[in-house]
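Observations on the model geometry
The residues making up each chain are set out below.
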Amino acid sequence: MKILIVGSGLYGAVFAHEATKRGHQVTVIEKRNHIAGNIYTEEIDGIQVHKYGAHIFHTSNKKVWDYIQQFAEFNRYTNSPVANYKGHMYNLPFNMNTFSEMWGVRTPQEAMDKINEQRKEIAGKEPQNLEEQAISLIGRDIYEKLIKGYTEKQWGRKATDLPPFIIKRLPVRLTYDNNYFNDDYQGIPKGGYTQIVEKMLDNPNITVKLNTDFFDKKDEYLKSFDKIVYTGPIDQFFDYKLGHLEYRSLRFETEEKNVGNYQGNAVINYTEAEIPYTRIIEHKHFEFGKGDEDKTIITREYPAEWKPGDEPYYPVNDDKNNELYAEYKDLADKEDKVIFGGRLGQYKYYNMDQVIAASLEAFRKWK
Ligand SMILES: Cc1cc2nc3c(=O)[nH]c(=O)nc-3n(C[C@H](O)[C@H](O)[C@H](O)COP(=O)(O)OP(=O)(O)OC[C@H]3O[C@@H](n4cnc5c(N)ncnc54)[C@H](O)[C@@H]3O)c2cc1C
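It should be emphasised that the depicted structure is a prediction, and the values quoted were computed from it without experimental measurement.

Some details on the site of the ligand
Inspection of the region around the ligand gives 31 residues, with Glu30, His55, Ile56, Tyr350 and Met352 positioned closest. One of the side-chain N or O atoms of Arg32 is found 3.4 Å from an oxygen atom in the ligand. Within the backbone of Ala54, an N or O atom sits 3.0 Å from a nitrogen atom of the ligand. For the ligand, whose unbound accessible area comes to 1000 Å², protein coverage reaches 96%. Broken down by secondary-structure element, the contributors of at least two residues to the shell around the ligand are helix H1 (10–21), helix H11 (342–345) and helix H12 (352–366).

Here we look at the packing of aromatic side chains
Scanning all chains against the criterion turns up 31 aromatic pairs. The interplanar angle of 65 degrees and the centroid separation of 5.2 Å between the aromatic rings of Tyr77 and Phe286 together place this pair among those described as edge-to-face. In this pair, Tyr77 is assigned in the loop between helix H2 (62–69) and strand E6 (82–85) and Phe286 in the loop between strand E13 (279–282) and strand E14 (296–305), connecting sequence segments 209 residues apart. Like Phe286, Tyr77 is buried.

Points about empty space enclosed by the protein
Tallied over the entire structure, the rule returns one cavity of 30 Å³ or more. By volume, the largest cavity amounts to about 30 Å³. Gly46, Ile47, Gln48, His283, Lys284, Phe286, Glu287 and Lys290 are the residues that line the largest cavity. Here the lining of the largest cavity is composed, by residue class, of two nonpolar, three polar and three charged.

A short note on helix H4 (residues 108–119)
Across its 12 residues, H4 extends 16 Å between first and last C-alpha, which sits within 8% of the 16 Å expected from 1.5 Å per residue. Taken together, the buried positions of H4 are occupied by Ala111, Ile115 and Gln118. Seen along its axis, H4 keeps its buried residues to an arc of 65 degrees; they face one direction. Where H4 is buried, its residues touch helix H3 (96–103), helix H5 (130–138) and helix H6 (140–155).

Remarks on the UniProt feature "domain: UDP-galactopyranose mutase C-terminal" (unreviewed entry) in the protein chain
According to UniProt, the "domain: UDP-galactopyranose mutase C-terminal" (unreviewed entry) feature falls on residues 145–349. From the first C-alpha to the last, residues 145–349 spans 26 Å; its make-up is 24% helix and 22% strand.

Considering the sheet that holds strand E16 (residues 338–340)
Taken in spatial order, the five strands line up as E9-E2-E1-E10-E16 in an open sheet, and their pairing is parallel. Two strands close off the open sheet at either side, each with one partner strand: strand E9 (206–209) and E16. Sheet twist, expressed as the average angle between the axes of neighbouring strands with direction ignored, equals 15 degrees.

Overview of the pairing of strand E11 (residues 247–257)
Taken together, the two bridges between E11 and strand E15 (residues 314–315) define a ladder with antiparallel strand orientation. The partner of Arg248 across the bridge, within E15, is Tyr314. In terms of strand pairing, E11 meets E14 through 10 bridges, oriented antiparallel. Bridging from a neighbouring strand, Arg251 pairs with Tyr302 of E14.

Some points on the pattern of salt bridges
According to the stated counting rule, one finds 22 salt bridges in the structure shown. Between Lys190 and Glu73 there is a salt bridge whose closest N-O contact spans 3.1 Å. Of this pair, Lys190 sits in the loop between strand E8 (185–187) and helix H7 (194–201) while Glu73 sits in the loop between H2 and E6, placing them 117 residues apart in sequence. The shortest N-O distance in the salt bridge between Arg248 and Glu305 comes to 3.2 Å. In this pair, Arg248 sits in strand E11 while Glu305 sits in strand E14, placing the two residues 57 residues apart along the sequence. Residues participating in the shared-partner salt-bridge network are Arg251, Glu253, Glu255, Lys257 and Arg300.

Conventions used here
- Residues numbered from 1 in each chain as written.
- Predicted model: local features only at pLDDT ≥ 70, side-chain atom pairs only at ≥ 80, totals over all residues.
- Heavy atoms only, no water.
- Near = heavy atom within 4 Å.
- Polar contact = N/O pair within 3.5 Å; in protein donor to acceptor, adjacent residues only side chain to side chain.
- Areas by Shrake-Rupley, 256 points an atom, 1.4 Å probe, with all protein chains shown as cover.
- Helix = DSSP H or I, 4+ residues; strand = E, 2+ residues; numbered from the N terminus.
- Phe/Tyr/Trp six-rings, centres within 6.5 Å; stacked < 30°, edge-to-face > 60°.
- Buried < 20%, exposed > 50% of the residue type's maximum accessible area, 1.4 Å probe, protein only.
- 1 Å grid on protein atoms, 1.4 Å probe; cavity = no way out; pocket = protein on both sides within 12 Å on 5 of 7 lines; lining within 4 Å.
- Points joined across faces, edges and corners; volume = space filled by probe spheres on them.
- Nonpolar A, V, L, I, M, F, W, Y, C, P; charged D, E, K, R; others polar.
- Expected span 1.5 Å × (residues − 1).
- Arc of directions from axis to C-beta.
- Contact = heavy atoms within 4.5 Å.
- UniProt positions renumbered as here; feature names shortened; annotations may be inferred.
- Pairing = 2+ DSSP bridges.
- Axes fitted to C-alpha atoms, helices over the stretch in contact; angles between N-to-C directions.
- Salt bridge = Lys/Arg side-chain N within 4 Å of Asp/Glu carboxyl O.

Laid out in structure tokens, this is it:
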């Protein structure tokens, strides 16, 4: 069959790779000037720079972990971000190191006593907004120093104007363990992510066309291919006829510094409201010992309001947008020729492992 894949991100690349194993002819079109979508990494000064924000691979899905190993060797990187609040450094996720830094407590019991004492502020009340929800879960100190400013920057709104459901749970870890994820497997591909997609697409039966937008010739593509896998925004496919889905966007500011080690960690979150960016990534720390000794590359991440035409990074999965998505999904289900997949095609907050699993599953169902 002749298959068109719209978008060379992870979802499209996995589908393309699987399809050629079954002998199909695949064309991948990509509107950007490079493959790999948001997992794209580019080597600068011997350092793999994560061009669309820090990407840490983590999963408890053994099948997906085994699958991705075909395309790259992974290092043992463990995500352990640090929060900078007005110059004070706190370990994340909230764990005994954080509590000890915050209150000088030493044992899990002392930490729980402190948290429970602070949670009393909201006791017996149904939290009405994100602020009350966070305090009811973890108390005011952690909320004020580590959650409030960061969340307000991320969403561009006051915590008191945000719905409580955004923070459903706040894992409180009563061990001295700074590993952010609870997953069984995590790491960073040695040599970056782009090679993974390159290898997935490296097949004589796959043609890749960059700088090519599906909407320039939508009708022609729909006619001339037997199957289309569409990983762009679902609302755009239908010409926004039911309205626009909303996203949050980001702005990245990347800078080369003439120091070997700028911040001592890959990810430092800036949790106070006064600093406009949410975090600084120092890329070389994702791959130990890589890059020049006296140079480093950092990226400041600024959350940004999204408006049509901007890069849609995060779907806003609130009730209003989920209802609109459901209506688009009904339309999508009627498009026999088209599979809608990935973060934008399914309007889902997918991590990389979930995207791989979803693409493999979609291919299995289709074939
Ligand atoms: C800032 C940030 C940080 C993240 N961090 C992590 C992390 O640490 N760990 C993790 O597991 N996941 C992380 N993710 C999620 C990860 O990026 C996604 O799971 C993954 O990239 C989704 O792949 P995709 O193929 O669905 O989408 P995308 O990567 O967005 O690929 C879609 C592609 O389609 C192309 N396209 C769209 N419309 C058209 C069109 N009309 N014509 C042609 N091409 C088109 C786009 O240019 C894009 O290349 C992060 C995401 C972001 C935004």
